[in-house]
Each structure stands twice: as structure tokens, then as C-alpha cells.
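What the coordinates show
Here is what each chain is made of, one letter per residue.
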Amino acid sequence: MDVPLSWQLAKLAVSIGIVLGLSLVAERVSTRMAGLLSGYPLGTAIALFFIGLEISPGFAAESAVYSLAGFTATMALGGGYLICGRHDGLKGVLAGTAGGLVAWWLTSLTLTRFELDRLSGTLVTLAAIFVFTWLYRHVPEARTKARSGGSRWQPLILRAGLATAIVFLVTGLAHVLPTSWAGMLAAFPISMYPLLVILHLTHGAAPAATVIKHYPAGLGALLCYALCVSLTYATLGLLWGTLAGFAVATLWLLGWMRLQAWYGARRATGS
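The paragraphs below set out a description of the structure included in this document. Remember, it's a predicted structure, so these values are computed and weren't measured experimentally. (Residues numbered from 1 in each chain as written. Predicted model: local features only at pLDDT ≥ 70, side-chain atom pairs only at ≥ 80, totals over all residues. Heavy atoms only, no water.)

1. Some points on the overall build of the protein chain
The condition is simple: A run of DSSP states H or I qualifies as a helix once it reaches four residues; a run of E qualifies as a strand once it reaches two. Both are numbered from the N-terminal end. Working definition: with a 1.4 Å probe on protein chains only, accessible area under 20% of the residue-type maximum means buried, over 50% means exposed, and in between means partly exposed. Note on definitions: a residue-residue contact is assigned when non-hydrogen atoms from the two residues lie within 4.5 Å. Only the protein chains shown count as cover for residues, with accessible areas throughout obtained via the Shrake-Rupley method and a probe of 1.4 Å.
In terms of helices and strands, the protein chain carries twelve helices and zero strands. A buried classification covers 52% of the 271 residues belonging to the protein chain. Counting only contacts in the protein chain whose residues sit at least 6 apart along the sequence, the fraction spanning at least 24 positions is 82%. Total accessible area on the protein chain stands at roughly 12400 Å², and carbon and sulfur atoms take up 71% of it.

This is the structure we're talking about:
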């Protein structure tokens, strides 16, 4: 079907807003918080919503089932980027991107060979979260330093361009791919990847590695969101299904952050 211009402009505006917001968090708050928020249903929500709008809510709901397992491929992308992108500058970004995409493709190709349902897709990613969290336990923390306002425009334009290109590519390919691959693409790190590239180019490989380290911890919110919309898109519709998904994901993320704060306080007091 022909996609109305208004829908295309909406995708453009939302994609730009989300990536710029994450970038500001990384620079003004912390890369750790940016990593956690990268696991919030931002890029995936955009992709699934517009897939449902342009194709059908039922197609988007079926795709969301595969997105549940697709987050494992996203973590594999982060792992590939971390291993290959150890150098600062453009060389590190290109090597990290190549390694990450290869890891994402191989993992997605493996997962699409299986008939996945909500339970199996969720269990696959839960297991991967524990594995990647354990593997990243020794990755050092690194903070970014605020830059002067005069050098901000070029990174902003690059962030916006990357996010927009990925959103349009994902939603465009969904028109010609089965639900399994549409779901894998919807799980692609639409918001995290541009953030990694910009952090890597402007601050070096260490802050990008910190975002990757904390990305699995935030994936619980994405799992909650994808599971919710897979159940509600076909029954409640796109708007109410999306709102329900965000509500569930927000509750999970708030609970997770409170649990982390409690655990940190216990470790600090030695109890």
C-alpha cells in the first residue's frame, strides 16, 4: 500500500526526537542511564506501531512475537560491536559496525529457523540477558565529558539521519518480508546504534562500551512491551495497545531501578 506523507513525516519526527533525547541523557546524566533507557521500548515501539499502521495490527502483533527473541540478536550486535570496535575514531566505528551486523545477522538467521511463540521467544532472550550480563561484568565504566555548544550540530544531524534511515528501512522491508523477519528487524537497536556511533566518534570507544554493558539490564522493559503489544494490537488496536505496552514497560523499568537502588544501598552498608 502507498504510505501517506503524513505517516512518513511522523516517523521522521519521532525518530529524531528519541535519538536526540537519548544522546542528551548520555552527555548530561550518564552513559549507564543511557544504556538502560536504550532498552526502553523506543525504536521497537516506533517500528511495530508503523508496521501495524502501514500493513495491519495483526501483522504487527505476529511480528512482535519474533521481536521477543529478536532482542537476543540485538545483544549479539552489541557484543560484536564491543569486540570489534575497540579503537577510537572512525576506524573503530566501522569495525564495530561490521562486527555487530555480522553477529546480528547470524543470530537472526538462526532464530528465524525456529517456530517461536511468546513463551519460547521470551525464554531465549531472558537466558541471553543473563549470559551477556555475566560476560560484560568486567567491562569498565566510562563517563562522557560535556562538549561546547559550537560543535553540537554535526553530531545532531548524524544522529537524526541514522535513526531516520533505520526506521524507514525497517518499516519498508516489513512490507516484503514474513512476520519472522519483520519482528527481527523491529527488534534492531534503532535508538541504541546511532547513540553508539555518536558516542564512539565524539568520546571514544569506552563510553560506547559502557552503553553496551548496561543494555541487557534494560531489556526487561522491551520484553514487557513486545509481549503486551503481541497480545493487544489485534484486540485493542494500535493506539490502546501501544499505550498499554508503554504502561507495562514503565512499571517494569521503575521496579527494576528501585531494585537496583535497594541492592546498591545494601552493598554500600555491607549488609
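2. Digging into the environment of Ile157
Tracing the backbone through its elements, the reader meets Ile157 in helix H7 (residues 153–173). Counting along the chain gives 141 residues from Ile157 to Ile16, while the straight-line C-alpha distance between them is 9.1 Å.

3. Side note on the side chain of Ser67
Operational definition: As used in this structure description, the phrase polar contact means that two N or O atoms lie within 3.5 Å; if the pair is within protein, one of them must be able to donate a hydrogen and the other to accept it, and residues adjacent in sequence are counted only when both atoms belong to side chains.
Inspection of the secondary structure assignment puts Ser67 in helix H4 (residues 57–84). Here Ser67 falls in the buried class, since its relative accessible area comes to 0%. Within the structure, Ser67 has its side chain in polar contact with the backbone oxygen of Gly183 (distance 2.7 Å). Excluding its chain neighbours within four sequence positions, the residues that come into contact with Ser67 are Leu48, Gly183, Ala186 and Ala187.

4. Topic: a nonpolar patch on the surface
Selection criterion: Each patch is built from residues lacking any salt bridge and having more than 30% relative accessible area; the joining distance is 9 Å for like charges and 5 Å for nonpolar side chains (Val, Leu, Ile, Met, Phe, Trp, Tyr). Salt bridge, as used here, is a side-chain nitrogen of Lys or Arg placed within 4 Å of a carboxyl oxygen of Asp or Glu.
Taken together, the side chains of Leu90, Leu94, Leu158 and Leu201 present a nonpolar region at the surface, about 360 Å² in accessible area. Positionally, Leu158 belongs in helix H7. Relative accessible area serves as the criterion here: at 35%, Leu158 is assigned to the partly exposed category.

5. Some remarks on the pattern of salt bridges
Any two side chains of opposite charge can pair, so long as their charged atoms come close to each other. Using the criterion set out here, one finds one salt bridge in the structure. When the shortest N-O distance is used, the salt bridge between Glu141 and Lys213 registers 3.3 Å. In this pair, Glu141 is assigned in the loop between helix H6 (118–135) and H7 and Lys213 in helix H10 (residues 205–214), connecting sequence segments 72 residues apart. Judged by its relative accessible area of 17%, Lys213 falls in the buried class.

6. Digging into the environment of Leu90
With respect to the helices, strands and loops of the structure, Leu90 is situated in helix H5 (residues 89–111). Separated by 107 residues in sequence, Leu90 and Val197 place their C-alpha atoms 9.0 Å apart.

7. A few points about the environment of Leu251
Position of Leu251 among the secondary structure elements: in helix H12 (residues 238–269). Residue class for Leu251 comes out exposed when judged on its relative accessible area of 63%. Note: C-alpha distance between Leu251 and Cys224 (27 residues apart in sequence) is 9.4 Å.

8. Brief notes about the packing of aromatic side chains
Threshold: Here a pair means two rings of Phe, Tyr or Trp (six-membered ring of Trp) with centres within 6.5 Å. Their orientation is stacked below 30 degrees between planes, edge-to-face above 60, and tilted elsewhere.
Summed over the entire model, instances satisfying the criterion amount to six aromatic pairs. Pairing Trp105 with Trp181 gives two aromatic rings, centres 5.2 Å apart and planes at 25°, and the pair type is stacked. Note that Trp105 is positioned in helix H5 and Trp181 in helix H8 (residues 179–186), a separation of 76 residues in sequence. The rings of Trp104, Trp105, Trp181 and Phe188 are connected pair by pair, giving a single aromatic cluster.

9. What about H4?
Note the following rule: Between the first and last residue of a helix there are one fewer steps than residues, each counted as 1.5 Å, and that sum is the expected span. We define the bend at any residue as the angle between the axes fitted to the seven residues before and including it, ending there, and the seven starting there.
In this model, H4 (28 residues) spans 38 Å end to end at C-alpha, consistent with the 40 Å of a helix rising 1.5 Å per residue. When the local axis directions of H4 are compared, the greatest deviation, roughly 45°, occurs at Leu68. Burial within H4 is extensive, with 22 of its 28 residues counted as buried.

10. Examining the packing of H4 against H8
Using the following cut-off: Here an axis means a line fitted to C-alpha atoms, over the contact stretch when the element is a helix, while the angle between two N-to-C directions is reported on a 0 to 180 degree scale. For classification purposes, angles smaller than 35 degrees are called roughly parallel, those larger than 145 roughly antiparallel, those between 65 and 115 roughly perpendicular, and all remaining angles oblique. In a left-handed crossing the near helix is turned counterclockwise from the far helix by less than a right angle, and in a right-handed crossing that turn is clockwise. Just so you know the grouping, Ala, Val, Leu, Ile, Met, Phe, Trp, Tyr, Cys and Pro go in nonpolar, Asp, Glu, Lys and Arg go in charged, and all remaining residues, Gly too, go in polar.
Between H4 and H8, the least distance of the axes is 7 Å, while the angle of their chain directions is 60°. The angle between the axes of H4 and H8 places the two elements in the oblique class. Viewed along their axes, H4 and H8 form a crossing whose handedness is right-handed. Contact residues: Phe59, Glu62, Ser63, Tyr66, Ser67, Ala69 and Gly70 in H4; Thr179, Ser180, Ala182, Gly183, Met184 and Ala186 in H8. For the contact of H4 with H8, the per-class residue count stands at six nonpolar, six polar and one charged.

11. Notes on the packing of helix H3 (residues 43–54) against helix H11 (residues 219–236)
Where H3 meets H11, the closest approach of the two axes is 11 Å, and the angle between their N-to-C directions is 15°. When the interaxial angle is binned, H3 and H11 end up roughly parallel. Crossing handedness for the pair H3 and H11: right-handed. Contacts between H3 and H11 pair Thr44, Ala45, Leu48 and Phe49 from the former with Leu222, Tyr225, Val229 and Tyr233 from the latter. Grouping the amino acids of the contact of H3 with H11 by side-chain chemistry returns seven nonpolar, one polar and no charged.

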